[in-house]
Amino acid sequence: MNSKKPVIAVIVILALVAAAFGGWKWYQSQQNSALTLYGNVDIRTVNLSFRVGGRLAALEVDEGDAIKAGEPLGLIDKAPYENALRQAEANVAAAQAKYDLIIAGYRDEEIAQAAYDYAQNFYQRQQGLWATKTISANDLANARSSSDQAKATLKAAQDKLSQYRSGNRPQEIAQAQASLQQAKAQLAQSQLDLQDTTLLAPSDGTLLTRAVEPGSMLNAGSTVLTLSLTRPVWIRAYIDETNLGQAKPGSELLIYTDGRPDKPYHGKVGFVSPTAEFTPKTVETPDLRTDLVYRLRIIVTDADDALRQGMPVTVKFNGGTQHEQQ
């Protein structure tokens, strides 16, 4: 009877070991069953063009160059736009002179009124002095003559002002003022056109395409360069309805590429499409391609230059070790 106890103990120990191993295997299977998706790198590109047309004078960059925001990239021949700017400046000067001429009648009347008031006051003072025999008759006559002359000048200015105020004069003044504003607006546009002969980079990125060469005649809006933006870098992936609940905006995940399978990038779900669609043929997935799926936009939080447009990636929601996640 006692000889059976060691055997029972061995059996119990083996059972415990088997249970522990089975539990470990189950845990491992659960760890390895983390949701895995397949997608592609999606990097935004910008087609760069001039807002004005003309002959391309220079391009300062070539394909593959790293570009910084605000960097000059190309130049349109400035000569036609410099000429247009000088013409616009002359038009403003002419419109200003015409406007000043039209409203000059008001100013002449104001000056004549001031001169008459001064001459009349002076004549009245001279009359007072004449009454006390302080001045001569000749001085009084000169004062009267100056007053009469100022009065005549004032009358001529008032008549001229009446002409400005009669008929269509108010409309002519409004027209001259509008012409002046139009000339100023054209001047501002000419200044902007001249500024737009230089093409500036809108943001950081890498130059993908150089579509034209110096000497080409360009229309406004014609694509000259294509820029791949440095940020943001996204992953475009698809998820079926069964697992849709795991793809909550803000959910963190790991992103693997074939070039660095042991060093994943980190990302988070940024957008989940509200509408279902058929899985695109470009997506490498073991599921049926005819299944309805939802598009995900996954933001890569530690992207670098190794991620290229269209590169296939593997996305894991809860997979990987703690070391990888850090």
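Criteria and cut-off values
- Residues numbered from 1 in each chain as written.
- Predicted model: local features only at pLDDT ≥ 70, side-chain atom pairs only at ≥ 80, totals over all residues.
- Heavy atoms only, no water.
- Helix = DSSP H or I, 4+ residues; strand = E, 2+ residues; numbered from the N terminus.
- Contact = heavy atoms within 4.5 Å.
- Areas by Shrake-Rupley, 256 points an atom, 1.4 Å probe, with all protein chains shown as cover.
- Pairing = 2+ DSSP bridges.
- Phe/Tyr/Trp six-rings, centres within 6.5 Å; stacked < 30°, edge-to-face > 60°.
- Lys NZ or Arg CZ within 6 Å of the ring centre and 35° of its normal.
- pLDDT = per-residue confidence, 0-100.
- Polar contact = N/O pair within 3.5 Å; in protein donor to acceptor, adjacent residues only side chain to side chain.
- Core = buried A, V, L, I, M, F, W, Y, C linked by side-chain atoms within 4.5 Å.
- Buried < 20%, exposed > 50% of the residue type's maximum accessible area, 1.4 Å probe, protein only.
- Expected span 1.5 Å × (residues − 1).

Novice: What is the right way to read the overall build of the protein chain from this model?
Specialist: Within the protein chain, the regular secondary structure consists of six helices and 12 strands. Looking at the protein chain alone, contacts between residues at least 24 apart form 75% of all its contacts between residues at least 6 apart. By element, 53% of the accessible surface of the protein chain is carried by carbon and sulfur atoms, the whole surface being about 20200 Å².

Novice: Help me understand the pairing of strand E8 (residues 223-240), please; the structure alone is not making it clear to me.
Specialist: When a strand is regular, its side chains alternate between the sheet's two faces. Pairing between strand E1 (residues 36-49) and E8: 10 bridges, direction antiparallel. Paired with Ile43 across the strands is Val233, a residue of E8. Both strand E6 (residues 205-210) and E8 contribute to a ladder of five bridges, which runs antiparallel. Each residue of the ladder has a partner; that of Leu207, found in E8, is Leu227.

Novice: Just checking my understanding: could you explain the packing of aromatic side chains for this structure?
Specialist: The description of an aromatic ring pair uses the distance of the two centres, along with the angle that the planes make with each other. According to the stated counting rule, one finds zero aromatic pairs in the structure shown. Lying across the ring of Phe271, Arg297 places its NZ or CZ 5.4 Å from the centre. Just above the ring of Tyr256 sits the side chain of Lys316; from NZ or CZ to the centre is 5.3 Å.

Novice: What exactly am I supposed to notice about the confidence of the model for the protein chain here?
Specialist: One rule of thumb: low pLDDT means the predicted coordinates there are not for detailed reading. The predicted model of the protein chain has a mean per-residue pLDDT of 80, with 75% of residues at 70 or higher. Least confident of the elements in the protein chain is helix H6 (residues 322-325), whose mean pLDDT is 40; most confident is strand E5 (residues 198-200), at 97. Below a pLDDT of 50 lies the segment residues 319-326, which in the model reaches 15 contacts outside its immediate sequence neighbourhood of four places, other chains included.

Novice: Just to check I follow, could you spell out unusual backbone geometry for this structure?
Specialist: Peptide bonds are trans in most cases, and residues, glycine excluded, mostly fall at negative phi. Residues Arg231 and Pro232 are joined by a peptide bond in cis, for which omega reads 0°. Topologically, Pro232 is positioned in strand E8.

Novice: I'm lost on the sheet that holds strand E4 (residues 72-76) in this one. Help?
Specialist: As a general point, the strands of a sheet are linked pairwise by backbone hydrogen bonds and lie either parallel or antiparallel. The strand order E5-E4-E2-E7 describes an open sheet built from four strands, whose pairing is antiparallel. The sheet is open, and its two borders are formed by E5 and strand E7 (217-218), each paired with just one other strand. Strand direction decides the pairing type here: strand E2 (residues 54-59) and E7, joined by two bridges, are antiparallel. Looking across to E7, one finds that Gly54 is bridged to Leu218.

Novice: How should the side chain of Thr226 be read in this particular structure?
Specialist: As for its placement among the helices and strands, Thr226 is situated in strand E8. A distance of 3.1 Å separates a polar atom in the side chain of Thr226 from a polar atom in the side chain of Asn47. Leave out the neighbours within four places in its chain, and Thr226 touches Thr45, Val46, Asn47, Thr206, Leu207, Leu208 and Thr209.

Novice: So what exactly am I meant to see when it comes to the nonpolar core here?
Specialist: The nonpolar side chains of soluble globular proteins are, as a tendency, buried together. Ranked by internal contacts, the top residues of the largest apolar core, which has 32 residues, are Phe50, Ile67, Leu73, Leu218, Val224 and Leu225. Per-element tally for this core: the top contributor is helix H2 (residues 79-102), with seven residues. Those residues in contact with Leu73 that lie beyond four places of it in its chain are Leu48, Leu59, Glu60, Val61, Ile67, Leu199, Leu200, Ala201 and Leu225.

Novice: Explain H2 here, please?
Specialist: Because an α-helix packs 3.6 residues into every turn, residues spaced three or four apart end up facing the same way. Taking 1.5 Å per residue as the helical rise, H2 with its 24 residues ought to reach 34 Å, and the 35 Å between its terminal C-alpha atoms agrees with that figure. Taken together, the buried positions of H2 are occupied by Tyr81, Leu85, Ala88, Val92, Ala95, Tyr99 and Ile102.

Novice: Please explain the environment of Thr45 as it appears in this structure.
Specialist: Mapped onto the elements, Thr45 comes out in strand E1. Its relative accessible area of 43% is what places Thr45 among the partly exposed residues. C-alpha separation for the pair Thr45 and Gly205, spaced 160 residues apart in sequence, amounts to 8.9 Å.

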